[in-house]
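# Structural features, examined
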Amino acid sequence: INSAPIINMVALISLLKKRDVELLTETKLGGISGTGAIIIDQKGEERELPCDNVILSLGVKPRLEEVEFFKDLGGDLYVIGDCAVQKGSLWTATTSAYNAAMEI
């Protein structure tokens, strides 16, 4: 089993900026198309974000109905965090997310 490296938020944000990763806050997923994700910003405006993979972080309570919905859409599905174990922790959530990202 892989283990996630320990990294703090400042270092993580720095790495993401170096890779030109755009962080979208106050944005929700409106849908998934064949070429990307449909996102809705805080003003209610929709746009398509072209991508090959969509990673959802939906909060601290398992939303297993969401897992079932996305399972039927096809493609690879990685279930992590509290959806993958009965009662998780920050460590298990980040470790399972890291391991899934390494597989992608």
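Shown above is the structure to which this text applies.
Below is a short write-up of the structure. Please read these numbers as outputs of a predicted model, since none were measured by experiment.

### Some words on the overall build of the chain
Along the backbone of the chain there are three helices and three strands. Its helices and strands in sequence order give the chain the pattern α-β-β-β-α-α, from N to C terminus. Counting all 104 residues of the chain, 11% fall into the buried class. Summing over all exposed atoms, the chain offers an accessible surface of approximately 8600 Å²; the carbon and sulfur share of this is 55%.

### Considerations on the pattern of salt bridges
Under the counting rule described, the total for this entry stands at one salt bridge. A salt bridge links E22 to R47; the shortest N-O distance between them is 3.9 Å. Placement of E22 in the loop between α1 (9-18) and β1 (28-32) and of R47 in strand β3 (residues 46-50) is noted, with a sequence separation of 25 residues between them.

### Points about the pairing of strand β2 (residues 36-40)
The buried fraction of β2 is high, at four of five residues. As paired strands, β1 and β2 are joined by four bridges and run antiparallel to one another. By the bridge assignment for β2, L29 is matched with I39. Between β1 and β2, which pair antiparallel and follow one another directly, the connecting turn spans three residues. As paired strands, β2 and β3 are joined by five bridges and run antiparallel to one another. Residue G36 lies in a different strand from β3, and its bridge partner there is P50. Counted between consecutive antiparallel strands, the loop separating β2 from β3 contains five residues, among which G44 sits at a positive phi close to 85 degrees.

### Quick notes on the sheet that holds β3
With respect to topology, three strands assemble into an open sheet ordered β1-β2-β3, the strand pairing being antiparallel. Either end of the sheet is taken by a strand with one partner, and the two such strands are β1 and β3. In this sheet, adjacent strand axes meet at a mean angle of 35 degrees when their direction is disregarded.

### Quick notes on unusual backbone geometry
The residue D20 is not glycine, and still its phi comes out positive at about 55 degrees. Examined against the element boundaries, D20 turns out to sit in the loop between α1 and β1. Accessibility expressed as a relative area gives 70% for D20, which makes it exposed. Within the chain, E26 stands out as a residue other than glycine whose phi angle is a positive 50 degrees. With respect to the helices, strands and loops of the structure, E26 is situated in the loop between α1 and β1. Exposure remark for E26: the relative accessible area of 59% places this residue in the exposed category.

### Points about the environment of K61
With respect to the helices and strands, K61 occurs in the loop between β3 and α2 (64-71). Since its relative accessible area comes to 66%, K61 is described here as exposed. With 22 residues separating them along the chain, K61 and C83 place their C-alpha atoms 8.1 Å apart.

How each quantity is defined
- Residues numbered from 1 in each chain as written.
- Predicted model: local features only at pLDDT ≥ 70, side-chain atom pairs only at ≥ 80, totals over all residues.
- Heavy atoms only, no water.
- Helix = DSSP H or I, 4+ residues; strand = E, 2+ residues; numbered from the N terminus.
- Buried < 20%, exposed > 50% of the residue type's maximum accessible area, 1.4 Å probe, protein only.
- Areas by Shrake-Rupley, 256 points an atom, 1.4 Å probe, with all protein chains shown as cover.
- Salt bridge = Lys/Arg side-chain N within 4 Å of Asp/Glu carboxyl O.
- Pairing = 2+ DSSP bridges.
- Axes fitted to C-alpha atoms, helices over the stretch in contact; angles between N-to-C directions.

Read these as layout, nothing more, since geometry by itself doesn't imply function.
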